[in-house]
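# Examination of the molecular architecture
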Amino acid sequence: MTAFEHIIVESKGAVGIVKINRPKMLNALSFDVFSEIATAIDDLEEDDAIGCIVVTGDEKAFAAGADIKEMQPKKFIDMFSQDFMDIGGDRVTTCKKPTIAAVSGYALGGGCELAMMCDIIIASDTAKFGQPEITLGTIPGLGGTQRLTRAVGKSKAMDLCLTGRMMDAAEAERSGLVSRIFPADKLMEEVLAIADKIAAMSRPVAAMAKSAVNRALETSLAEGMNVEGDLFHATFALEDRAEGMAAFIDKRKPNFRNR
Ligand code: CAA
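Residues numbered from 1 in each chain as written. Predicted model: local features only at pLDDT ≥ 70, side-chain atom pairs only at ≥ 80, totals over all residues. Heavy atoms only, no water.

Under the convention used in this document: UniProt positions are given in the numbering used here, feature names are shortened, and annotations may be inferred rather than shown by experiment.
An unreviewed UniProt entry annotates the protein as enoyl-CoA hydratase of Afipia massiliensis. Annotation of the protein in UniProt includes, under Function (unreviewed entry), the sentence "Could possibly oxidize fatty acids using specific components."

## Some thoughts on the site of the ligand
As a reminder, the rule being used: The cutoff for a nearby residue is simple: one of its non-hydrogen atoms must lie within 4 Å of the molecule or strand. Think of a polar contact as two N or O atoms within 3.5 Å of one another; within protein, one of them needs to be a possible hydrogen donor and the other a possible acceptor, and neighboring residues in sequence only count if both atoms come from side chains. Per-residue and other accessible areas were derived by the Shrake-Rupley procedure at a 1.4 Å probe size, with only the shown protein chains allowed to occlude residues. Each helix is a run of H or I in the DSSP string that is no shorter than four residues. Each strand is a run of E no shorter than two, and both are numbered from the N terminus.
Near the ligand you find 24 residues, and of these Ala 66, Ile 68, Gly 110, Glu 113 and Glu 133 are the closest. Ala 64 is positioned with one of its backbone polar atoms (N or O) 3.0 Å from a nitrogen atom of the ligand. Within the contact set of the ligand, an oxygen atom lies 2.7 Å away from a side-chain nitrogen or oxygen of Glu 113. Burial of the ligand by the surrounding chains reaches 66%, relative to a free accessible area of 990 Å². Elements that contribute at least two residues to the shell around the ligand include exactly α2 (68-71), β6 (106-108) and α5 (110-117). Counting residues per element, the shell around the ligand draws most heavily on α2, which supplies three residues.

## Notes on the domain arrangement of the protein
Our working definition: Domain ranges listed in this record stem from an automatic or a database domain assignment. Whether two residues are in contact is decided by their heavy atoms: any pair within 4.5 Å suffices. The term buried area denotes the loss of accessible surface (1.4 Å probe radius) that occurs when two parts are joined, taken as the sum for both partners. Every case where a carboxyl oxygen of Asp or Glu lies within 4 Å of a side-chain nitrogen of Lys or Arg is listed as a salt bridge. All amino acids are sorted into three groups, where Ala, Val, Leu, Ile, Met, Phe, Trp, Tyr, Cys and Pro are nonpolar, Asp, Glu, Lys and Arg are charged, and the leftover types, Gly among them, are polar.
Looking at the assigned domains, one finds that the protein contains domain 1 (7-199) and domain 2 (202-250). The interface is formed by 13 residues belonging to domain 1 together with six residues belonging to domain 2. Sorting the residues of domain 1 by area buried against domain 2 places Lys 96, Asp 119 and Arg 150 first, and these three jointly supply 48% of that buried surface. Linking domain 1 with domain 2 are one salt bridge. A salt bridge links Asp 119 to Lys 210, with the nearest nitrogen and oxygen atoms 2.8 Å apart. One can count four residue pairs in polar contact (both at pLDDT 80 or more) joining domain 1 with domain 2. The class makeup of the residues in the side of domain 1 that touches domain 2 is six nonpolar, two polar and five charged.

## With respect to the sheet that holds β6
What counts is decided by this rule: Any two strands between which DSSP finds at least two bridges are classified as paired. For helices, the fitted axis covers only the stretch in contact; all axes are lines through C-alpha atoms, and the angles between them, taken along N-to-C directions, range from 0 to 180 degrees.
Pairing within the open sheet is mixed, and its four strands lie in the order β4-β6-β8-β9. Because the sheet does not close on itself, it has two edges, and the strands there are β4 (61-63) and β9 (166-168). Averaged over all adjacent pairs, the angle separating strand axes in this sheet is 20 degrees, with direction ignored. Relative to β9, strand β8 (residues 128-130) is paired through three bridges, and the arrangement is antiparallel. Paired with Gly 130 across the two strands is Met 166, which belongs to β9. Contacts between α5 and the sheet are confined to β4, β6 and β8, with β6 contributing the most and set at about 90 degrees to the helix.

See the structure below:
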C-alpha cells in the first residue's frame, strides 16, 4: 500500500480506515492531506477485500478545517490555478464503496465538508460541527454552502455559514446532518460494527443503493423514481438478489458473493 505522511490507512477485516494524523494542528487539511486522502480512497476502492471505508480523525478533532496557515499567503490566482478539486479534494464523493465519517471533536470548515462528502456521518457526543469560514473573511469552498443546506435546510445552513457558530452533536443529529451519536470512547467500536455490517452486504447492491440515494439530491422526484426503478430491476440480474431472497425463505444468513 502507498506510504503516507499525514494520514494512517489500515484495514480491519473488510473495512478500510483512513485516519487523518496531524494532531498538533487539529488535523488541519492541507493540500497534501486532501491529496493523500484521495490516493487512499483510490487504493481502498481498488482493493477487493474492502467493502466499506471509514474516514476519521482523533478524539479532539475530526479536522478543524482547511489549513489556514497554508492558505493565508495565497492569492486569487493561486487558488484559482490549483484549487481543492484539482488535487482530489472531493474524491470521497466519487467513491463507489460506502463511506462513513466517524467524527469526534471538531469538524469545522473543510472538516465538516469532508464529513459531508461521506455517505453517513456518525458522531461522538463531543463532536462539534461548523462552517466558520466567514470569521476568516472567506466562505466554504468544498461544499459547505451546498451539502450543508441540503442536509439541514436553508435556515440552519444560513445560521451556521453567516455566524460561523458551532453546533454540537445533539443539534447535528436533530438537524439530520448526523445519523447516530455514541459516547466518545465507544465511537470507533460502534462505527466499525456498522461498517462491518455494510461490508457484509452484496457489494454491487450496496453500490446501487448508494447511487440511488445520491440521485435524490441531484434530480426531480420523478427522475429519481425512474433511476431507483431501473436499479431495483437491475438487482434481479444478480446472483446475490436470488441468494438474499432464498436465504430469507430458508431462514439462514445469506452468502453474498458480489455478483
Ligand atoms: N488550520 C491551520 N492550523 C490550525 C487550524 C486550521 N484550520 N485549526 C487549528 N490549527 C492549529 C492552531 O493554529 C494551533 O497551532 P499552534 O499550536 O501552532 O498555535 C493548533 O492547531 C491548536 O489549535 P488551537 O490552539 O486554536 O486550539 P483550541 O482548542 O484553542 O481551539 C479551534 C480549537 C476552535 C478548533 C480553533 O483551533 C479554530 O478555530 N480553528 C480554525 C477553525 C476554522 O476556522 N476552520 C475553517 C478553515 S477554512 C476552510 O476550511 C475553507 C474551506 O471551506 C475549504
